[in-house]
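Residues per chain are reported as follows:
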Amino acid sequence: MNSCPELLRPCWQGFFRADEDEWRGVTASLPPDGGQGLRERRMRYPYFPGCTLRAKARGFESSALASAGALGVQLDELPNWQCCGATFPLQADNSFSLVSPARTLASARKMGERLVTLCSACYNVLKRTNHVMRTDADRRDKVNAFIEEDYRGDLEVVHFLEVLRDDIGFDALARSVKVPLGGLAAAPYYGCLLLRPADELAFDDPEAPHILEDFLSALGCRAVDHPYKIECCGSYVALEPGDLASGPSRMVVESARTRGAQVIITSCPLCQYNLDISQQGARGHSGVGVPVVYFTQLLAIALGLSEDVLGFEGHVISPGPLLRSIGAMGSEATA
Amino acid sequence: MRTGVFVCWCGLNIGGVVDVPRVVEEISHYPGVARAVDYRYMCSDPGQQLIKDVIREERLDSVVIAACSPGMHEATFQSVAASAGVNPYRCEIANIREQCSWPHQNEPGEATRKAIELIQAAIEKVRGDEALSALSIPVTRRALIIGAGIAGMQAALDIAEAGHEVVLVERLPHIGGHMAQLSETFPTLDCSQCILTPKTSEVGRHPRIKLLTNSEVESISGYVGNFTVRIRRKATYVNWDLCTGCGLCTEKCPSRASSTFERGLVKEPAISIAFPQAVPHKPVISAEACGHFTKGKCGVCEKVCPVGAIDYQQQDALFEEKVGAIVVATGYDLHPKAKVGEYGYGVYPDVIDGLEFERLNSASGPTQGQIRRPSDGKVPKEVVFIQCVGSRDQENGYPYCSKICCMYTAKHARLYKHKVSDGQPYVFYMDIRAGGKGYEEFVQHATEEEGVLYLRGRVARVFQDGDALVVFGVDTLSGKKVEIRADMVVLATAIVPASGAKELARVLKTATDQYGFFSEAHPKLRPVESLTRGIYIAGCAQAPKDIPDTVTQAGSAAAKVLALFSAERLSHSPAVAAVDEELCSGCGVCVEACAYDARTLDTRRRVAVVNDVLCEGCGACAVACPNGATRQKNASRSQVFSMIDAVVG
Ligand SMILES: Cc1cc2nc3c(=O)[nH]c(=O)nc-3n(C[C@H](O)[C@H](O)[C@H](O)COP(=O)(O)OP(=O)(O)OC[C@H]3O[C@@H](n4cnc5c(N)ncnc54)[C@H](O)[C@@H]3O)c2cc1C
Ligand code: SF4
Ligand code: SF4
Ligand code: SF4
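Residues numbered from 1 in each chain as written. Chains lettered and ligands numbered in written order. Predicted model: local features only at pLDDT ≥ 70, side-chain atom pairs only at ≥ 80, totals over all residues. Heavy atoms only, no water.

Draft legend 1. Inspection of the overall build of chain B at higher detail. Assigned secondary structure in chain B consists of 19 helices and 36 strands. Its C-alpha atoms put chain B at 90 × 65 × 45 Å along the principal axes. Taken over 649 residues, chain B has a buried fraction of 52%. The contacts in chain B between residues at least 6 apart in sequence include a share of 69% that link residues at least 24 apart. When the accessible area of chain B is evaluated, it comes to approximately 28,200 Å², of which 51% is carbon and sulfur surface. The averaged location of the 75 negative side-chain charges in chain B is 3 Å from the averaged location of its 70 positive side-chain charges. (Helix = DSSP H or I, 4+ residues; strand = E, 2+ residues; numbered from the N terminus. Buried < 20%, exposed > 50% of the residue type's maximum accessible area, 1.4 Å probe, protein only. Contact = heavy atoms within 4.5 Å. Areas by Shrake-Rupley, 256 points an atom, 1.4 Å probe, with all protein chains shown as cover. Lys, Arg positive; Asp, Glu negative; His and termini not counted. Charge placed at Lys NZ, Arg CZ, Asp CG, Glu CD.)

Take a look at the structure:
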């Protein structure tokens, strides 16, 4: 039914909604301490998964939820969430595209003051929509009239990385690591959606971000700095016929690989797809591929969680051999 | 009342729209008008003579001039009236040009009617005008100058040379400003220190210049001619009266601090003199770095000082100075490092800014003038200069052009070539702005004779790769992406106002623009006067500029100060607010309403009091007073109402 795994393509028909039965298995995964930490810390936030995490990027969500649990954060999935909007409309008079994300925001507000996201694209669209709802009275009124709500943008949209940095703290995170990743050379890849527009997202320095580097250091990895970490991955151009997107993607992978990166981490399903798939042809040239994984997958490994939550599947460059070679994954695991 | 009305044609400016003869005809029948006349140019000599003649013939006691804005010629006509025996405050202007003939060019009939009404209103006003006489205020002929860069020093010297005392306040321990950091200067490539030191030493020894370094202005009260300034001299922990500047202390000091003068390129002793030619040539202890202050341990300088000048107990000192005029010459800073993440500025040691390059190139700098890069001291063979960093950048910096960086970048590239003849300088630019005497030729010399490679385009990113800096840019003329492996990158970062400029403006009660540069009273006609009378601006405090422009503006500010000092007393308009003490309840609403701090409450008598000299006659208090106790001289309630009646009645 969810025929929108076509990479965040806007699902205008509106037929793609979360199928709760299908996903119950993963959301139920409990932290290893049986929820002790949860009760102590009582960090509990509404959480928006988004469609891709139910299609192409299941491992992103399962590893994130399990890691969050282990760190004492409970992410409560919004009931009846719908499309995040997929792209933020750049035309100032296009308010219709704000309807879907605004509806999500309004319902999240009823559950709490914060909304946690994982996918960079959802984060970007929801946070920017929230900004409009907070600051642009005209468009707010129009959208509210349509969705029959009185939502004023008074929700805080945060990325799971911000929860790790600001609520848990990277120092505390480092102390929770059970399987230190032994200096694994990991290249952070930010892409564009996490960082820009900087004044609206206020996530990190848009030109010289360091949250992923700090995260990697906390896990015991060596963060590999590389010049293409905030360049374009090729984005939606990947959906067009031809080979346009693989050019930028290959530059990103090469810039990380030549500086010694063994793995690339990202928080964007589209980046993950583009960077990984671009190596299909390139593998022939370089001989070595660099697996591209979600930051939460490394996190789950470092926290010593079950390999079942990693959900590596469909990789062009499989992360399995690398992670097994450094002893981060057991030999029998599938990857 | 015997009022004369003088209607000006202003050539065709008024006469081409308004039917002047008809206006004269109608007005001559208005009550109280003794005679109405018109003339082509009322402000011309014959026009002025006409006014005088009519005043005498008709024995007028008041005049109305229907002409251009009072901003243009009110003073002219007031003095004409006065010279013929009419009190100048009984001379009113009806503005029938800016407020009538210009905006109503296509409706001559309506314009004529409006002109008549405006004149009638002015007649009504003049009917109620009192014969006032100008207020006179004494002038303290002493100037305060804030900032001792080239601008402040030049203004100080000009004023002191003309015979007046100057108090020169500089917040650093030494004078000279940024010019002291420059190596050679465009467009002549003469050594900066060589042209600067004659000025610094003259300032240092001038008998009429009171130099207060390591000092800042804390507060100011008073008004033009009569300011009282409180100045804080920050502790230096060295008694400068005893110190001979021998430098023994700095040789022996074991603690180190990052050198601000060398822009952090080297460390200096915790007690140090910033540079060899510093004026005053006396050391200062940096309390953050000094072992005595941070650990309570060291006392080396105290032991070695042959004259016992070290004084760890020294406290900040507060002074009060009385001055009549103030020149603000606080200069500039450069766009901060943290804001240029894409070029790794502040992260990669070999990405430096223009002033750091000046220090590398300076004979007294950290490398004795050899171009060596900060990371490993290697002579860089490929150097990339990037212009407009933070300037002309709406999104990440400032929309304005910093004006001097095109020139100093060309200078840097040329100086680099002179020292590293086998090196290759590249310059990324947006446009070359070289408007100045000899400037374009200077840049052309760089491109044509000295092999500097100019690439028109922006740089997206600078990245450290091994010991090289990879520069990703674009050359928009060939349409190609460019990647250069450079040894050093020099950023022409934007010129921004000196830190604290906005706070200082608040203390001075004058204005800055949105960036923090001090605002001039008029961008073309009053470029060195601030919006506050008696306060003048010079140099980069007003906007980015080079040394020639800075010196010109400083001289011009000095000339304004001298003009102010040329009289013993100043006159101030008597059309100020007055309080009817019978009606005043002492509520204080007017005190809040006054933007010029001209009103206070006499708490004993519970009435408001006006300081005539501070009052600008704006009328805000009169509007605010709930009791109608405030009266605006020559703009009374009854005057205003009869003016309204004359227009709508
Ligand atoms: C890299 C570079 C190269 C340059 N090269 C050239 C060149 O070759 N030729 C040329 O013509 N121009 C050049 N310039 C421009 C030149 O530096 C300026 O034109 C000149 O220094 C301006 O002088 P100023 O007195 O206005 O400001 P500044 O030199 O900045 O002096 C201001 C002074 O005021 C002090 N101050 C600031 N705030 C306060 C306060 N609140 N209280 C007390 N004191 C205060 C400061 O400490 C400073 O001493 C260059 C500029 C740069 C950045
Ligand atoms: S040793 Fe004493 S006299 Fe010499 S410079 Fe230092 S403080 Fe001045
Ligand atoms: S007390 Fe010691 S550390 Fe401080 S300035 Fe004097 S010599 Fe240097
Ligand atoms: S002077 Fe030249 S380098 Fe400086 S901002 Fe203007 S155009 Fe750019």
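Draft legend 2. Seen up close, the site of ligand 2. Residues in contact with ligand 2 amount to 14 residues; listed here are only the nearest, B:C243, B:C246, B:G247, B:C249 and B:C305. Class assignment of the residues belonging to the shell around ligand 2 gives a composition of 11 nonpolar, 3 polar and no charged. (Near = heavy atom within 4 Å. Nonpolar A, V, L, I, M, F, W, Y, C, P; charged D, E, K, R; others polar.)

Draft legend 3. Spotlight on the state of the cysteines. Residues and elements named next belong to chain B. Taken as a whole and judged by the stated rule, the model has 1 disulfide over all chains. The partner cysteine of C191 in its disulfide is C194, sulfur to sulfur 2.4 Å. Taking the sign of the S-S torsion, 90° for the link of C191 and C194, the bridge is right-handed. No disulfide involves C10; its sulfur sits 5.3 Å from that of C8, the nearest cysteine. Summary of cysteine pairing: C68 is not part of a disulfide, and the nearest cysteine sulfur, belonging to C10, is at 6.3 Å. Judged by relative accessible area, which is 9%, C68 ranks as buried. (Disulfide = S-S within 2.5 Å.)

Draft legend 4. View of the pattern of salt bridges. Residues and elements named next belong to chain B. Across all of its chains, the model carries 56 salt bridges over all chains by this definition. With its nearest N and O atoms 2.8 Å apart, the salt bridge here joins R359 to E262. Here E262 lies in the loop between β13 (256-258) and β14 (267-269) and R359 lies in helix α12 (residues 354-360), a separation of 97 residues in the sequence. Here R359 and E262 have matching classes, each one buried. For D597, the salt bridge goes to K509, with nearest N and O atoms at 3.7 Å. On the criterion of sequence distance, the pair formed by D597 in the loop between α17 (589-593) and β34 (599-602) and K509 in the loop between α15 (501-508) and β29 (520-522) is long-range, its members being 88 residues apart. Shared partners join several salt bridges into a network, and the residues in it are D350, R373, D376, K378, D467 and D487. (Salt bridge = Lys/Arg side-chain N within 4 Å of Asp/Glu carboxyl O.)

Draft legend 5. Structural context of the interface of chain A and chain B. Between chain A and chain B, the residue contacts involve 11 residues of the former and 9 residues of the latter. For the chain A and chain B pair, buried surface summed over both sides reaches about 790 Å², with 50% attributable to carbon and sulfur atoms. Its largest share of buried area at the contact with chain B, chain A owes to A:E207, A:P227 and A:R259, together 55% of the area lost on that side. The interface formed by chain A and chain B includes 3 salt bridges. (Buried area = accessible area lost by both parts, 1.4 Å probe.)

Draft legend 6. Here's a closer look at the confidence of the model for chain A. Residues and elements named next belong to chain A. Overall, the predicted model of chain A reaches an average pLDDT of 84, with 83% of residues at or above 70. Confidence drops under a pLDDT of 50 for residues 1-31, and excluding neighbours within four residues, the segment shows 51 contacts in the predicted structure. With pLDDT under 50 throughout, residues 34-39 is counted as low confidence; its partners more than four residues away or in other chains account for 8 contacts. (pLDDT = per-residue confidence, 0-100.)

Draft legend 7. Quick look at the packing of helix α3 (residues 58-70) of chain A against helix α14 (residues 295-302) of chain A. Residue and element names in this part refer to chain A. For the pair α3 and α14, the least separation of the axes is 8 Å and the interaxial angle reads 40°. Here α3 is positioned oblique relative to α14, judged by the angle of their axes. Read as a crossing pair, α3 and α14 show a hand that is left-handed. Contacts between α3 and α14 involve G59, F60, S63, A64 and S67 from the first element and F295, T296, Q297, L299 and A300 from the second. Considered class by class, the residues forming the contact of α3 with α14 number 5 nonpolar, 5 polar and no charged. (Axes fitted to C-alpha atoms, helices over the stretch in contact; angles between N-to-C directions. Parallel < 35°, antiparallel > 145°, perpendicular 65-115°, else oblique. Left-handed = near helix turned anticlockwise from the far one by under 90°.)

Draft legend 8. Up close: α15(B). All names here are of chain B. Among the residues of α15, A501, L504, A505 and L508 are the ones counted as buried. Looking straight down α15, one finds that the buried residues subtend no more than 105° of arc, so they occupy a single side. Backbone geometry just after α15 places K509 at a positive phi near 55°. (Arc of directions from axis to C-beta.)

Draft legend 9. Quick peek at the domain arrangement of chain B. Annotation of chain B at the domain level lists domain 1 (3-134), domain 2 (142-234 + 316-331 + 498-565), domain 3 (248-304), domain 4 (334-496) and domain 5 (576-632). Using only C-alpha atoms to locate each centre, domain 1 of chain B and domain 4 of chain B end up separated by 61 Å. (Domains from an automatic or database assignment.)

Draft legend 10. Geometry of the packing of helix α6 (residues 108-128) of chain B against helix α19 (residues 637-648) of chain B. All names here are of chain B. Two numbers describe how α6 lies on α19: the axes approach to 8 Å, and their chain directions differ by 155°. With respect to α19, the axis of α6 lies roughly antiparallel. The chirality of how α6 crosses α19 is right-handed. Contacts from E117, Q120, A121, E124, K125 and G128 of α6 reach α19 at Q639, S642, M643, A646 and V647. Looking at side-chain class alone, the contact of α6 with α19 contains 4 nonpolar, 4 polar and 3 charged residues.

Draft legend 11. Layout of a nonpolar patch on the surface. All names here are of chain B. On the surface, V640, F641, I644, V647 and V648 cluster together to form a nonpolar patch covering roughly 430 Å² of accessible area. One can find V640 in helix α19. Among the residues examined, V640 registers a relative accessible area of 37% and is labelled partly exposed. (Patch = residues over 30% accessible without salt bridge, like charges linked within 9 Å, V, L, I, M, F, W, Y side chains within 5 Å.)

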